Structures are given as structure tokens and as C-alpha cells.
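Summary of structural features
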Amino acid sequence: MAIKPIDHAAELSKAGAGVESRLGKAWFLAKSYPLGAVGLILFLGLLFTGIFADVLAPMDPVKTNAETSLQGPGGQHMLGADMMGRDLLSRIIHGARISLAVGLGSTILGCSLGVIVGLASGYLLGWFDLITQRIIDIMQALPLLVMALVMAASLGPSLENTVIAISIPLVPHVARVIRSNTLSLREMPFVEAAKAIGMSETRIAVKHVLPNTLAPLIVLATAQLGSAILTEASLSFLGLGIPEPHASWGRMLSESAAEYVRTAPWLVIFPGIAISLAVFGANLLGDAVRDILDPRQRS
Amino acid sequence: MAEVASKGAPNASSDEPVLEVENLKKHFPIQSGVLKRTTGHVYAVDGVSFAIGEGRTLGLVGESGCGKSTVGRTAMRLLEPTDGSIKLSGVDVTHLSKKELRPYRRQMQIIFQDPFSSLNPRMTAGEIVKEPLYIHDIGDNKSRQEMTKALFDRVGLRQAQMNNYPHQFSGGQRQRIGIARALSLNPKLIVGDEPVSALDVSIQAQVINLMMDLQEEMNVAYLFIAHDLAVVEHISDDVAVMYLGRIVEFADKKTLFTNPQHPYTEALLSAAPIPDPTVRRDKVILQGDVPSPINPPKGCHFHTRCPYATDQCRIEEPVLKDLGGGHTVACHLR
């Protein structure tokens, strides 16, 4: 053998007793991908926060209080309060729900649609490819935000519509990447072998082409998660996203960025940290998942 | 595997050749401009006929770009033939639709040249070999697993390796996986598209010997495409020499290697090294390059490089002449 293969199973069994169990496997993977584990913990932590926001938040996130307006961190409000005197920590905790719902929802929706369009386009070619690619050209000519704006404005402000509005501009990017990968993969001998076996075209596309396009897709999706959260901020800022008084990280950031960055910086810093952690966690997790799913990359 | 054999596609009588190809043509259109108008054709395969009997091996040789791989792929209907007919055990499969063709796919399989790109990197070796059984709905999950194990044994891989991924195998082992995949459907014909060209010489011998053993065991016929004459001489019963999309000479192995009649075959044979430094011989060295298959020369395709070319060769296309004993040659001078 030219290169000594790393026997995943053997390494697993070497790692000690109990490795056969699910927990043992997870521990083994966590040890192999410490950064991925950090990402997973971050991400799960934020998800947990979002899901159990009602229990975790120390105060009501929408209750205003004129007396504590723009109060600094410490004291009554651990992370301070915004100009309406709402507790920043509670708002961040509740914001996790909306921001993650928007980020994950639009990324998953956009990627799924993009994969379907890109795979069909690259595999079927012909007129279908021609037409979809021209539509994608038109969509890509518009900036992401502008398109999301148009979508959001026509759909009206609500959580579902925001998710849809942010996911649609993502479709052309994903479709392009998947299509270009499909174009090269469909000429591979293993695809030809599948044809020689008598496999249906759909099965070839789904079983043999699609799994091999996963790596760039995961990178794209994790990168997109952050931008989706920020796009939601812009939409909300313009009154087209999640309606007030619901908290979302993006809007907390964008609302206070211009006015209060000097006088009350905690209003900018803490939501900013929350967004960074989510994006950072998703990127770390995405990289690890990409490696774990690729048999060639496993270590 | 008996189960596999009993569920095959409708069979014709057994004395029919496993594969019979007649006047096969494959022209690739050249499209240019915005409107994708066809401005010409690549005459990759231009009227090729041959037949392979049960359990026999036909070696197809020729230099790069002569269309030998295209012959293999077109005969398998992986490429649509422009003209001609393909008969599998007497059944004409030239114009069958994809769906109609499916049962016949079991009778013909292919092994590829590149052992690295011919296996899906995201499937385990076991899954790769098992998949054809699943597609053709052979056996249940358990029996498919057993068949896969048997196939691994048969091609000289350990059963424990079924859970490994292609990148964990060496080139030769991967080629064995490719062979196991081709064998899983118990085909009557396997097209080997330069199956050993990408391997080390020592591994080549192993794979060739494996293929020959399997032929003996399973009575499978091979269309063995190669450019290495030594390999072809070792494995083939008959040999066809191709030049620029046409077969120029066809004979049984012994006749072709001892008594080549076509000037191109002569040149090809003299270019093959003899593993004995003391042997001296007259080499026929060809001048020039292979002409473009987009615009092949008139008359005999070989006349531009043939040392014996006459005026007749430049005008008139030679047909395959029978020299007796199944030895045919396309040359005006014979």
C-alpha cells in the first residue's frame, strides 16, 4: 500500500473499552476534533438558551422601565439595560430563539432549494440548465440585502416570512456551487460504472453525485449562517423583519450601533458577542462535520 | 451465485457470440458558436465490426486516440452509437430504451482504467460491490451480504476489508474491487478499458492472472482494451488492431504476433520492447503523427504514414480481406 491507511475502526477499538457505545464514539470524535467539540458545545449551548429562554431569562425581555434606561452592566441588570430600560441579558437570551430560528431556518431552506436546483441543473443539463442558470444570473446580479428587502416587503413582516426572504437570495449561490461540482462529478468513471450497472439517473444523482458535493456545501452553509443573522438585523432595522417588541440579536445590534456606541457600548458589545459566538460555533462545527463525513479526511 | 444466473435476461441460443458488433460508428459532433451549430464531427469510431464468443477474450489494441475506448463504451451503450448494430447473445440492443436495456446491463459490465476515480470515495468497498445486486433486486439483504463476501474472497480481498473506504486500498486492490463490482451481476461479457494500464508492472500481472482465472471459472468473455502488446498477448485469444477509428487487422493471437500482415501492425509490434537485450531486429519506425479524427485522410486512413503507400491507397478505402483462418486485414497490398 502506497499510503498507510488509517483504520478508523481499529483506532476506535484501541481507544479503550466502552468505545463501541455511542457515547464512546462521540468521546472519540470529540478528542479527534477538539475544535469541532468546542463548536458543538457553543452551538448546543445557544440552542438550549433559545429553547429554554422563558425559564432562563431573569426578567421579562419586553418590560420597559424608564428608571433604568441605559443603565450600565452590573447592579440590577447584569448586562445593563437598553434605552427603554429593558434587561439586556434577558433580551439576548430571548434573541437567541429568533436569531437562531432565522439563521438556521433560512440556511437550511436556502441550501435545500439550492441543492435541488443545482443538482438538477448540473445533471440534466440541456434547456433546464440554460433557463435556471439565466434566472440565477439575474438573481445574483442583485445584492443579497436588496433581494431580501424586496422579498420581505412583499411578504410582510413575520418570522416565517423573514426566513423565506433571507433564504431565497441564498439559493443561487448554493445552486452554482453544487452545479459546478455536479458537472465534474457526472463525468467521473464511478458515475459511468453506476450507469453500466443500470442504475436510474435519479439514484445516480442522489447517491453518487450529491454526497460528493457535501464538503463545499457545508462550508458555504456555515458561512451563510452568520450572514443570515445579520441580514435579519438589517431587515428588522428597516421594519421588514421580526416585528417589535421581540428581541433579535441583529436588531439589538443595529438599533444601538449608531446612537449608543459611545454612550452605552454594552448595547453593541453583548449582542455582538452573541452573534460572534453563534457564527464561530457554527463554523467550527461545520468544519468538523465536513471532515467526519468525508472518509478521506478522517483521522 | 446460481441464483444470480437463473434470473438473467432472456437468453438466445448459446452458440451465438456473446457480443456481436457490426459496422459500429460513433461520431461526436463538434459544436461551435453561440448557437451551438454542428461544424464537424470527430470520427472516433468509423465502422467497426467484431464478435466475441462465450468465454473468449478479444484484445483491442491501438495507439492513444484511435477510438478503442470509444468502441468499448459504445458497445456497452454507455455512449449512443451513431450507426451500426450491437447484439448481445443474439439480441439486438442497439435501439433499446434505457429501461428496456436494464436487464441486459446484467450481461455486460465494465472495468475502468483509473482505479482511483472509478470507485465512489464516499461508499465502502462492500457497498460498492453490493450495490449492483441491490439495483437488480437480487436476493435479500442477508443473501446480498453473503454474495458480497463470496465476491471479496473470489477477487482476493479479505472480507474484513468490506468496511474500508476506497482510499484505504492500493491501486491493485481497488482494481480488484472494480472487478468484484463487475462480477457481482455474473455478466457474460466484461469490457476491460485498459484495466491494468494504471498499475505497477508487478500488480498488472496479478490483476491479469486474476482476470484469467475468473474467466476460466465463470466462462466470462472479455473485450480487453489495451495499448500494451505484452499484456494483450498474454490474455487474448484474438486480437484486433485499430487505427483511427477502424479495425485494420484481426487474427488469433498467435497469427497476429508471428505473422502480422498490415504495415501498421508490423510497426506496432516492432515498437514493443523485447525483454532480451541481445536480440537485434529491424524496426519499422513510423513517420509523423496520427492524423486528426476530425478530418481523417481519404482512402486508407494509414496511407499518410505507411512506408508502402501507393496511389490506390490514397484514393480507395481498403476493406477487410480474409486471408484464411479468420485472419482479416484491411490493406490493398495483401
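Thresholds, definitions, all that
- Sequence positions are assigned chain by chain, starting from 1 and proceeding in written order.
- Both sets of labels track the order of writing: A upward for chains, 1 upward for ligands.
- A pLDDT threshold of at least 70 governs which residues receive local features in this predicted model, and a stricter bar of 80 or more applies before side-chain atom pairs are shown or counted, although totals over entire chains, interfaces and linings include all residues.
- Where helices and strands are cited, they refer to DSSP runs of H or I of at least four residues and of E of at least two residues respectively, numbered from the N terminus.
- Three exposure classes are used, based on other C-beta atoms lying within 10 Å of a residue's own C-beta, which is placed from the backbone: buried for 20 or more, exposed for 12 or fewer, and partly exposed in between.
- Pairs of strands are assigned from DSSP output, requiring at least two bridges between the strands.
- It is the C-beta atoms, placed from the backbone, that decide contacts: two residues are in contact if theirs lie within 7 Å.
- Helix axes are fitted to C-alpha atoms over the stretch in contact, other axes to C-alpha atoms as well, and angles between N-to-C directions run from 0 to 180 degrees.
- A helix is expected to span 1.5 Å for every residue after the first.
- Within this analysis, the arc is defined by the directions that extend from the helix axis to the C-beta atoms.
- What pLDDT conveys is the predictor's confidence in a given residue, as a value from 0 to 100.
- Three classes are used, and their members are as follows: Ala, Val, Leu, Ile, Met, Phe, Trp, Tyr, Cys and Pro are nonpolar, Asp, Glu, Lys and Arg are charged, and the others, Gly among them, are polar.
- One nonpolar core equals one set of buried Ala, Val, Leu, Ile, Met, Phe, Trp, Tyr and Cys residues connected by C-beta atoms within 7 Å.
- Put simply, angles under 35 degrees are roughly parallel, angles over 145 are roughly antiparallel, angles from 65 to 115 are roughly perpendicular, and the rest are oblique.
- For a crossing to be left-handed, the near helix must be turned anticlockwise from the far one by less than a right angle; the clockwise case is right-handed.

**Section: the overall build of chain B**
Helix and strand content of chain B: eleven helices and twelve strands. Overall, the C-alpha framework of chain B stretches about 65 × 55 × 45 Å when taken along its three principal axes. Each of the 334 residues in chain B was classed as buried or not, and the buried ones make up 45%.

**Brief notes about the sheet that holds strand S6 (residues 108-111) of chain B**
Residues and elements named next belong to chain B. Pairing within the open sheet is mixed, and its eight strands lie in the order S6-S7-S8-S3-S9-S10-S12-S11. The open sheet has two edge strands with one neighbour each: S6 and strand S11 (321-322). Examined bridge by bridge, strand S3 (residues 57-61) and strand S9 (residues 238-243) share four bridges and lie parallel to one another. If you follow leucine 58 over to S9, its bridge partner there is aspartate 238. Against the sheet, helix H6 (residues 171-183) makes contact with S6 and strand S7 (189-193), and its axis sits at roughly 175° relative to S6, the strand it touches most. Strand contacts of helix H10 (residues 263-271): S9 and strand S10 (246-252), with the helix running at about 105° to S9, the strand carrying the most contacts.

**Considering helix H7 (residues 144-155) of chain A**
Residues and elements named next belong to chain A. When the terminal C-alpha atoms of H7 are compared, their 16 Å separation across twelve residues agrees well with the 16 Å that a helix rising 1.5 Å per residue should span. Within the span of H7, buried status applies to Leu144, Met147, Ala148 and Ala152. The buried residues of H7 occupy one face: seen down the axis, they fall within an arc of 130°. Seen from the open side of H7, the exposed residues pointing more than 90 degrees away from its buried face are Val146 and Ser154. Buried residues in H7 make contact with helix H6 (126-141), helix H8 (159-167) and helix H12 (214-237). Directly after H7, the chain includes glycine 156, whose backbone phi takes a positive value near 95°.

**Side note on the confidence of the model for chain B**
Residues and elements named next belong to chain B. Of all residues in chain B, 96% have pLDDT values of 70 or greater, and the mean over the chain is 88. Scored below 50 in pLDDT, residues 1-13 makes 19 contacts in the model with residues more than four places away or belonging to other chains. On the interface metric, ipTM, the complex scores 0.85, and its pTM is 0.81.

**Side note on the interface of chain A and chain B**
Residue-level contacts link 19 residues of chain A with 24 residues of chain B. When residues in the side of chain A that touches chain B are grouped by element, the largest group, seven residues, is from helix H10 (residues 189-197) of chain A. Here the side of chain A that touches chain B is composed, by residue class, of 13 nonpolar, three polar and three charged.

**As for unusual backbone geometry**
Positive phi, normally seen in glycine, also occurs at leucine 125 of chain A, with a value near 55°. A positive phi angle is found at asparagine 219 of chain B, which is not glycine, with a value near 55°. Topologically, asparagine 219 of chain B is positioned in the loop between helix H7 (201-218) and strand S8 (221-226).

**Quick look at the confidence of the model for chain A**
For chain A, the mean per-residue pLDDT works out to 83, and 93% of the residues sit at or above 70. For the stretch residues 13-19 of chain A, pLDDT sits under 50, and the model shows seven contacts to residues farther than four places along the chain or on other chains.

**Details of the nonpolar core**
Core analysis: the biggest nonpolar cluster contains 155 residues, and Leu189, Leu223 and Val241 of chain B have the highest contact counts within it. Residue contributions to this core peak at 13 residues, all from helix H5 (residues 88-124) of chain A. Ignoring anything within four residues of it in the chain, the contact list for leucine 189 of chain B reads Val18, Leu19, Ile52, Gln107, Met108, Val220, Ala221 and Leu223 of chain B.

**A closer look at the packing of H5 of chain A against H8 of chain A**
Residue and element names in this part refer to chain A. Axis separation between H5 and H8 bottoms out at 8 Å; the angle between their running directions is 45°. One element, H5, and the other, H8, form an angle in the oblique class. The hand of the H5/H8 crossing is right-handed. Listed contacts from H8 to Ile98, Ala101, Val102, Gly105, Ser106, Leu109 and Gly110 of H5 are Leu159, Thr162, Val163, Ile166 and Ser167. Per-class residue counts for the contact of H5 with H8 are seven nonpolar, five polar and no charged.

**Some points on the packing of H8 of chain A against H12 of chain A**
Residues and elements named next belong to chain A. Where H8 meets H12, the closest approach of the two axes is 10 Å, and the angle between their N-to-C directions is 120°. Judged by the angle between their axes, H8 and H12 are oblique. The chirality of how H8 crosses H12 is right-handed. Only Ala228, Thr231, Glu232 and Leu235 of H12 make contact with H8, whose side of the interface consists of Thr162, Ala165 and Ile166. Here the contact of H8 with H12 is built from residues that sort into four nonpolar, two polar and one charged.

**Quick notes on the environment of glycine 55 of chain B**
Residues and elements named next belong to chain B. Within the element layout of this structure, glycine 55 appears in the loop between strand S2 (37-52) and S3. Judged by the 15 C-beta atoms lying within 10 Å of it, glycine 55 is partly exposed. Put simply, glycine 55 and leucine 189 are 134 residues apart on the chain and 8.2 Å apart in space, counted from C-alpha to C-alpha. Among residues more than four places away in sequence, those in contact with glycine 55 are Gln215, Asn219, Val220 and Ala221.

**With respect to the pairing of S8 of chain B**
All names here are of chain B. Taking burial as the measure, the six residues of S8 include six buried ones, the bulk of the element. Neither face of S8 is exposed, since Ala221, Leu223 and Ile225 on one face and Tyr222, Phe224 and Ala226 on the opposite face are all buried. The pairing of S3 with S8 spans five bridges and is classified as parallel. Paired with threonine 57 across the strands is tyrosine 222, a residue of S8. Taken together, the five bridges between S7 and S8 define a ladder with parallel strand orientation. Directly across from isoleucine 190, in S8, lies its bridge partner tyrosine 222.

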